[in-house]
Amino acid sequence: MHMADALINPTVAAVMYAASAAAAAYSIKKVREENNPRKIPLMGVMGAFVFAAQMLNFTIPGTGSSGHLCGGLLLAALLGPYAAFLTMIGILTIQCLLFADGGLLALGANIWNMAFYGCFVGGLLIWQPLIQRRLSKARIISASVVGSVITLQMGAFSVVLETAASGISELPFNIFAFTMQGIHLAIGAVEGLIIAAVLLFVYQARPELLAGAKAAANGSLTFEKALAFLGSAAVLAAGVLSLAASENPDGLEWSLEKVAGSAELEKSGALHALAAQIQELTSLLPDYNFQGSESAWGTVFSGLAGSALVLLVCVACCYAFHFFKHKTA
Amino acid sequence: MNKISGALTEINKLNSTAQGSSVMHRLHPLAKLLLTIFYIAMLMSFGKYQIFGLVSMSIYLFIGFHLSRLSLKEGLWRLRLILPLVSMVGLANPFFDSHQFVFGSQTLNAGWISFITLMLKGIFAVLASYLLIATTSIEQICYAMRLAHLPKILVTQFLLTYRYLTLLLEQADTISQAYALRAPKQTGIHFKVWGTLAGQLLLRSIDRANALYDSMLLRGYQGEYYYGGPLAAWNKKDWRYLVSIVFLLLLLRLLPWSLLYTKILGGKFL
């Protein structure tokens, strides 16, 4: 996922450098506040470890291909998100300078795409809230896989956005995004399993290393706060950013348009007609708006209502499958 | 050669080339770092059809490679990592770009021009980075970073990662070779030992970091890391090189290259 200099223009590069620098400045402040000088050599050596471990090929069963370790989340689990972010900056700079893996101008973007999401979203918003109540094998596996998939998806989408904003490619946004997200979904799942395997080994061999991370997590971000943050982000995306959604066809519609000449294919047969009738009855907000309206408020309402409905379905499923366990005294 | 051995060879090779004594090697590391960033920013500021202007920027590389006596082949070998993504993105241009470039009686899809421009930008940027890293040691780059007021914690951590990289790569190589000898006909590490193998390396690394900190304390570490080796002082020669190259690059960037293919060669975009 390392971006080359050729894929980014100086304006986008400067914006990404500024964003990464702000995150780095905040991380430095937090690491200084910790006042743990032993952490500096640990960060350096752990950076070298991640680099070395990324060179190992982990066979993916049944595919004949191999996966690699995802550094950001693993480091965040062991060092905490702030120290992990600074360590990742070191790794990405070395990869850029020594191995030409990612460009010097694109370094700010690469730090954002790989270190920021891995350490802050994966480590701070997913790993820490999940492990701070109880450290267990199931929680380590779920936090690693969910964290890895989400952070890789966010990183891959950022690559698409940065390339599109740089205006250097004629590749349609939808196709590029579709390809990148699809590829990184599989990579994320495999990398998550590798991280889980490593952390489970540490949990069994030296549990105090993860217990230390758990203790550090207790004072930082609670599960409720993380939920509130993710909820606010969902409201922002669904209610505000939905107004800026593209009116162009998505990847599938675009492909259909090219092949069949129209984004919507002709329906025929009784079954299709019945399905269309049911859909007409159930779709309260057709085309993400009120019936027969094109108002912006309709789009905002659709976004918020859709997010609330998804949340409701998820909570209902969790209750149905007994995912929420009541504490016993 | 496996990936780990390849990385080790690359690090050793760069270490030895950075110890040279050419004009480029003797320049101040901060001057080289600033020039490299400026050059890459200039490259990327060219529009997707501004191929002539972009080609003219290769003069910086000619000067740099001539003064440093580096091998161009070694520099080009480093392209292998970035070329796949750049090619994937760039190859879409000829198919999706509807503009045409008319030159005399010939017509060319402008997408091909933007594709070549994209590839040239990628190649030039990688060669410029190679020019920097092959003539400047990591210690000198860290020194330049500190001169540019980058935070101490960031630079120290970067330097320590680099210092321990070779050691941990060698250890990973040993683990990987030992595993390969015990598990013949396997292309990678079996999923049943994913955790054990990488986990062992991780625990050894943590123990090593603790031992490292203890030894740093015994040597009087008080928060400041001293960068070894003779570090050059900034002198008139560095100023002259920096100013003349910046002037040359700005001149090439600001020249009206579009006139070359519209007025002189008679070409036009449709």
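A. Highlighting the overall build of chain A. Scanning chain A for helices and strands turns up twelve helices and two strands. The order of α-helices and β-strands along chain A, N terminus first, is α-α-β-β-α-α-α-α-α-α-α-α-α-α. Across the 329 residues of chain A, 42% fall into the buried class. Once local pairs closer than 6 in sequence are excluded, the contacts in chain A between residues at least 24 apart make up 75%.

B. Geometry of the overall build of chain B. Helix and strand content of chain B: 14 helices and three strands. A globule of 270 residues ought to have a C-alpha radius of gyration of about 18 Å, yet chain B, at 24 Å, is considerably larger. Taken along the three principal axes of its C-alpha coordinates, chain B extends 70 × 55 × 30 Å. Across the 270 residues in chain B, those meeting the buried criterion constitute 37%.

C. Molecular detail of the confidence of the model for chain A. For chain A, mean pLDDT is 77; residues scoring 70 or higher make up 65% of the total. Per-element mean pLDDT across chain A ranges from 51 in helix α10 (residues 251-260) of chain A up to 91 in helix α1 (residues 10-34) of chain A.

D. Highlighting the environment of A172 of chain B. Mapped onto the elements of the fold, A172 of chain B is located in helix α11 (residues 152-182). Each C-alpha atom, one on A172 of chain B and one on L197 of chain B, is 9.2 Å from the other, the two residues being 25 residues apart in sequence. Residues within four places of A172 of chain B in sequence aside, it is in contact with A52, A53, M55 and L56 of chain A together with I4 and L201 of chain B.

E. Region of interest: the interface of chain A and chain B. Chain A puts 63 residues into the contact, and the matching count from chain B is 71 residues. At 13 residues, helix α2 (residues 39-53) of chain A tops the list of elements feeding residues into the side of chain A that touches chain B. Taken together, the residues of the side of chain A that touches chain B break down into 46 nonpolar, twelve polar and five charged.

F. Molecular detail of the environment of W297 of chain A. All names here are of chain A. When you line up the elements, W297 lands in helix α12 (residues 296-320). For W297, a count of 11 C-beta atoms within 10 Å puts it in the exposed group. In this structure, the C-alpha to C-alpha distance between W297 and R133, residues 164 residues apart in sequence, is 40 Å.

G. Quick look at the domain arrangement of chain B. All names here are of chain B. Along its sequence, chain B is carved into domain 1 (1-19 + 150-231) and domain 2 (20-136 + 235-270). With four residues of domain 1 at the interface, the matching set in domain 2 holds six residues. Grouping the constituent residues of the side of domain 1 that touches domain 2 by class yields two nonpolar, two polar and no charged.

H. Representation of helix α12 (residues 194-218) of chain B within the structure. All names here are of chain B. Look at α12: 37 Å from first C-alpha to last across 25 residues, which is about the 36 Å you get at 1.5 Å a residue. Among all positions in α12, only W194, G195, L197, A198, G199, L201, L202, S205, A209 and L212 are buried. Directly after α12, the chain includes G220, whose backbone phi takes a positive value near 85 degrees.

I. Structural view of unusual backbone geometry. With phi around 50 degrees, N35 of chain A is a residue other than glycine that occupies positive phi space. Along the chain, N35 of chain A turns up in the loop between α1 and α2. Classification of N35 of chain A as exposed rests on a count of 7 C-beta atoms within 10 Å. Unusually for a residue other than glycine, R69 of chain B sits at a positive phi of about 55 degrees. Here R69 of chain B shows up in the loop between α5 (58-68) and α6 (72-77).

J. Fine view of the pairing of strand β1 (residues 100-103) of chain B. Residues and elements named next belong to chain B. With four bridges connecting them, β1 and strand β2 (residues 106-109) associate as antiparallel partners. Bridging across to β2, F103 finds its partner in Q106. Where β1 hands over to β2, the hairpin turn is made up of two residues, of which G104 adopts a positive phi near 65 degrees.

K. Looking closely at the packing of α2 of chain A against helix α4 (residues 81-99) of chain A. Residues and elements named next belong to chain A. At a minimum axis distance of 9 Å, the contact between α2 and α4 shows a crossing angle of 50 degrees. On the basis of their axis angle, the class for α2 and α4 is oblique. The element α2 and its partner α4 pack so that their crossing is right-handed. Two secondary-structure elements touch here, α2 through K39, M43, M46, G47, V50 and F51 and α4 through A83, L86, T87, G90, I91 and I94. Grouping the constituent residues of the contact of α2 with α4 by class yields eight nonpolar, three polar and one charged.

Rules and cut-offs
- Residues numbered from 1 in each chain as written.
- Chains lettered and ligands numbered in written order.
- Predicted model: local features only at pLDDT ≥ 70, side-chain atom pairs only at ≥ 80, totals over all residues.
- Helix = DSSP H or I, 4+ residues; strand = E, 2+ residues; numbered from the N terminus.
- Buried ≥ 20, exposed ≤ 12 C-beta atoms within 10 Å, placed from the backbone.
- Contact = placed C-beta atoms within 7 Å.
- Rg over C-alpha atoms; globule rule 2.2 N^0.38 Å.
- pLDDT = per-residue confidence, 0-100.
- Nonpolar A, V, L, I, M, F, W, Y, C, P; charged D, E, K, R; others polar.
- Domains from an automatic or database assignment.
- Expected span 1.5 Å × (residues − 1).
- Pairing = 2+ DSSP bridges.
- Axes fitted to C-alpha atoms, helices over the stretch in contact; angles between N-to-C directions.
- Parallel < 35°, antiparallel > 145°, perpendicular 65-115°, else oblique.
- Left-handed = near helix turned anticlockwise from the far one by under 90°.

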